[in-house]
Structures are given as C-alpha cells and as structure tokens.
Amino acid sequence: MAKAKGYSDETLSVRLADRYYRPEESSDDFLENVEKISMTIPHMCYQCGTCTGSCPSAPRSSYRIRKFVRRAVLGLENDALTDPDLWLCTTCYSCTDRCPRDIAPTDVIMAMRNLAFKREIVPRNFLNTVQFIYKTGHGVPNNDVNRAARVRLGLEAEPETTAKYPDFIPGIQKILDHYGLKDKADEILAEGQ
Ligand code: SF4
Ligand code: SF4
C-alpha cells in the first residue's frame with residue numbers, strides 16, 4: 001500500500017514507494033465485492049499456506065495464491081488488481097481441493113480478474129478470445145487444415161456446432177452485447193495498437 005510522498009520524479013516515487021500497510025488506505029468494499037462475485041469466504045483464511053504449497057504456478061514464478069487471499073481480506077485492491085501475477089493461476093483447483101477452511105482460492109482469483117477487467121487490466125489473449133467467440137461462437141474456431149483432416153477421418157468438414165449452424169451465432173452475439181463485452185474488448189485492443 002503505497003502512500004504518496006509527493007516526489008515529482010516518477011522513478012523515485014516507484015523506488016521509494018511506502019511499503020507500510022495502513023488500514024485507512026484499504027478499500028472498504030474490496031473484500032465484500034470479492035466474496036459476492038466468488039461466492040466463497042476468504043475472510044475465513046488463517047494463512048496456513050496449503051494453497052500455495054499445492055499451486056503448480058508457485059515454484060516457477062512469484063505468484064502466491066496465499067498472498068492474494070490475504071490482500072482480499074485486508075482490502076488491498078490496488079495491489080491485487082495491478083499485480084501481473086494475478087494471471088498466472090491455471091485454475092487447476094488444487095488449492096480449493098485442499099484448503100482446510102473450505103475456501104475456494106481459485107474463485108477468489110476469478111473474482112479479482114473480473115474486477116481487474118472492469119478497470120481494463122487484462123491480457124490481450126482474453127480479448128482475442130472474446131472476438132473469436134463473437135465472430136464464430138468458438139474460442140478456437142475451425143480452419144482449413146482441420147477441415148481437411150476431418151474429411152480424411154471420414155467426418156464432416158464442420159462439426160455439429162455454430163460452425164455448421166451459423167444461424168445460432170447472432171444469439172451468442174446478443175449475450176456478449178448484453179454485457180458490452182465485445183465493444184470493451186475492441187476498445188482495449190485498439191488502445192494498445
Ligand atoms: S489453504 Fe485456505 S486457509 Fe490455508 S492459506 Fe490458503 S486459503 Fe488460507
Ligand atoms: S487453482 Fe490457481 S491458485 Fe489454486 S493451486 Fe491451481 S494454479 Fe494455484
């Protein structure tokens with residue numbers, strides 16, 4: 001939780017950022033929002049570390065699921081949502097399987113990713129997937145190489161999905177439009193060009 005010290009130099013501000021935790025600088029509703037979205041109970045965490053000990057991403061990175069659960073409890077919204085490690089969870093659910101407090105840390109991460117997206121903090125591959133689904137109904141659409149392989153296997157070139165029945169695509173687009181997802185994805189991708 002950085003406290004502004006008024007350095008005019010940005011590099012200095014980053015290097016000398018205040019590392020103290022100050023309760024008054026926590027977000028009041030972060031824990032509440034995370035619990036509402038995730039439908040789990042991070043406030044019951046007693047920091048045993050079983051989740052991080054189960055995590056396949058932890059040995060290869062600085063990602064620590066236990067730290068994210070702590071940030072939820074302490075209302076450290078900015079720290080959590082702007083941390084690039086937020087996107088290293090594979091959603092394998094090992095932590096959820098093993099937590100002795102019946103918390104689903106995986107779903108805490110999913111809730112935080114939702115909140116980060118609302119602040120336009122999101123890796124580009126998620127946005128590309130939104131665009132594919134909007135256009136084809138598939139996150140991984142069919143292509144000519146696979147069509148030829150399917151025919152060689154005695155299958156129809158297109159599977160029994162929106163690939164064969166594109167009339168269903170507008171229905172999918174309506175769902176994405178309801179949440180403004182496609183427009184948001186286009187907008188963020190265009191900004192990053
Ligand atoms: S396993 Fe559960 S109780 Fe233990 S640190 Fe992780 S979230 Fe908290
Ligand atoms: S669900 Fe995510 S945080 Fe939990 S163990 Fe798997 S990779 Fe780690």
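Residues numbered from 1 in each chain as written. Chains lettered and ligands numbered in written order. Predicted model: local features only at pLDDT ≥ 70, side-chain atom pairs only at ≥ 80, totals over all residues. Heavy atoms only, no water.

A. Up close: the overall build of the chain. When helices and strands are counted, the chain shows 11 helices and 0 strands. Taken from the N to the C terminus, the helices and strands of the chain come in the order α-α-α-α-α-α-α-α-α-α-α. By the compact-globule yardstick of 16 Å for 193 residues, the chain is too spread out, its C-alpha radius of gyration being 21 Å. If you line up the chain on its principal axes, its C-alpha atoms span 65 × 45 × 30 Å. Looking at the chain residue by residue over its 193 residues, the buried ones come to 30%. Once local pairs closer than 6 in sequence are excluded, the contacts in the chain between residues at least 24 apart make up 63%. A total of about 12300 Å² of accessible surface is found on the chain, and carbon and sulfur atoms cover 53% of it. Within the chain, one finds 26 positive and 27 negative side-chain charges whose respective centroids are separated by 6 Å. (Helix = DSSP H or I, 4+ residues; strand = E, 2+ residues; numbered from the N terminus. Rg over C-alpha atoms; globule rule 2.2 N^0.38 Å. Buried < 20%, exposed > 50% of the residue type's maximum accessible area, 1.4 Å probe, protein only. Contact = heavy atoms within 4.5 Å. Areas by Shrake-Rupley, 256 points an atom, 1.4 Å probe, with all protein chains shown as cover. Lys, Arg positive; Asp, Glu negative; His and termini not counted. Charge placed at Lys NZ, Arg CZ, Asp CG, Glu CD.)

B. Focus on the site of ligand 1. Around ligand 1, the structure places Cys-45, Tyr-46, Gln-47, Cys-48, Gly-49, Thr-50, Cys-51, Arg-66, Cys-99, Pro-100, Arg-101 and Pro-105. Tallied by class, the residues present in the shell around ligand 1 amount to 7 nonpolar, 3 polar and 2 charged. (Near = heavy atom within 4 Å. Nonpolar A, V, L, I, M, F, W, Y, C, P; charged D, E, K, R; others polar.)

C. Inspection of the site of ligand 2 at higher detail. Taken together, Cys-55, Pro-56, Tyr-63, Ile-65, Cys-89, Thr-90, Thr-91, Cys-92, Tyr-93, Ser-94, Cys-95 and Thr-106 make up all the residues around ligand 2. In terms of residue class, the shell around ligand 2 is built from 8 nonpolar, 4 polar and no charged.

D. Representation of the domain arrangement of the chain in the model. The assigned domain composition of the chain is domain 1 (23–118) and domain 2 (124–192). Relative placement of domain 1 and domain 2: their C-alpha centres are 30 Å apart. (Domains from an automatic or database assignment.)

E. Molecular detail of the packing of helix α2 (residues 30–38) against helix α4 (residues 65–74). Running from N to C, α2 and α4 point in directions that differ by 120°, and their axes come no closer than 6 Å. The orientation of α2 with respect to α4, classified from their angle, is oblique. The residues of α4 that touch α2, namely those facing Phe-30, Leu-31 and Val-34, are Arg-71, Ala-72 and Val-73. (Axes fitted to C-alpha atoms, helices over the stretch in contact; angles between N-to-C directions. Parallel < 35°, antiparallel > 145°, perpendicular 65-115°, else oblique.)

F. Fine view of the side chain of Thr-52. Note on placement: Thr-52 falls in helix α3 (residues 50–54). Within the structure, Thr-52 has its side chain in polar contact with the backbone nitrogen of Arg-66 (distance 3.2 Å). Every residue in contact with Thr-52, bar those within four places of it in the chain, is listed here: Ala-58, Arg-64, Ile-65 and Arg-66. (Polar contact = N/O pair within 3.5 Å; in protein donor to acceptor, adjacent residues only side chain to side chain.)

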